[in-house]
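# Architecture and fold: a report
What follows is each chain in one-letter form.
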Amino acid sequence: MAIKHALVVDDSKSARFSLKKLLQEQGIKTDFAESAGDALNYLSTNSPDIIFMDHLMPGMDGFEATKAIKSNPDTRNIPIIMCTSKEGTDYGEQALALGAYAILPKPAPSATLMAILNKLDISDNMQSTASDKAAEAKTNAPSQAVGISTRVVEQIVRPTGIVDPEVEV
């Protein structure tokens, strides 16, 4: 799945427009929500390919919004990229545990954004290819197993900048 449509959730107007500019350079249409509540309302009638979620917002924060989005069957498969100026592994681990795909520092470095978008695209393509091959294998040779090694998948979906010290790579 090529990413064509993004939702940027941030209470900062300058942060929204800065990220929009980077996404437009990649041909990605961008919609905005100024709060987590606005984002949840937006998602009740729209389905973006990706969500960029600010961590710290008044009212419901990005963690709570991510939890709500991931618990909804209609939105749970939309990748969420947590955007923050906060540093440290504790924050990243918490965001990933709630279902975020990756962490994007603020302001967003173009190279980091591109790496995340490329990983998502590669991951989707590999999953589609694996699904196609598995379906073909079932039809043509039911006794053959087809798949992708766990190591390859882990390296593809490993979030940018966050490394779990307990996982051997």
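See the structure printed just above.
These figures come from a predicted structure and were not determined experimentally.

## Topic: the sheet that holds strand β3 (residues 50-54)
- What the 5 strands build is an open sheet, ordered β2-β1-β3-β4-β5; its pairing is parallel. Two strands close off the open sheet at either side, each with one partner strand: β2 (29-33) and β5 (102-105). Pairs of neighbouring strands in the sheet enclose a mean axial angle of 25°, with direction left out of account.
- Sheet strands touched by helix α1 (residues 13-25): β1 (5-9), β2, β3, β4 (80-84) and β5. Its angle to β2, the strand with the most contacts, is close to 165°.

## A look at the packing of aromatic side chains
- Applying the stated criterion to the full structure yields 1 aromatic pair.
- Lying across the ring of phenylalanine 32, arginine 16 places its NZ or CZ 5.7 Å from the centre.

## Brief notes about helix α3 (residues 62-71)
- Turning to α3, its buried residues number three or more, namely Gly62, Phe63, Ala65, Thr66 and Ile69. Burial along α3 is one-sided: seen end-on, the buried residues are contained in an arc of 160°. The exposed residues of α3 that point more than 90 degrees off its buried face are Lys67 and Ser71.
- Taking the backbone nitrogen of phenylalanine 63 as reference, a side-chain oxygen 3.0 Å away marks aspartate 61 as the first, capping residue of α3.

About the criteria used
Residues numbered from 1 in each chain as written. Predicted model: local features only at pLDDT ≥ 70, side-chain atom pairs only at ≥ 80, totals over all residues. Heavy atoms only, no water. Pairing = 2+ DSSP bridges. Helix = DSSP H or I, 4+ residues; strand = E, 2+ residues; numbered from the N terminus. Axes fitted to C-alpha atoms, helices over the stretch in contact; angles between N-to-C directions. Contact = heavy atoms within 4.5 Å. Phe/Tyr/Trp six-rings, centres within 6.5 Å; stacked < 30°, edge-to-face > 60°. Lys NZ or Arg CZ within 6 Å of the ring centre and 35° of its normal. Buried < 20%, exposed > 50% of the residue type's maximum accessible area, 1.4 Å probe, protein only. Arc of directions from axis to C-beta. Polar contact = N/O pair within 3.5 Å; in protein donor to acceptor, adjacent residues only side chain to side chain.

Shape is all these values report; function is a separate question.
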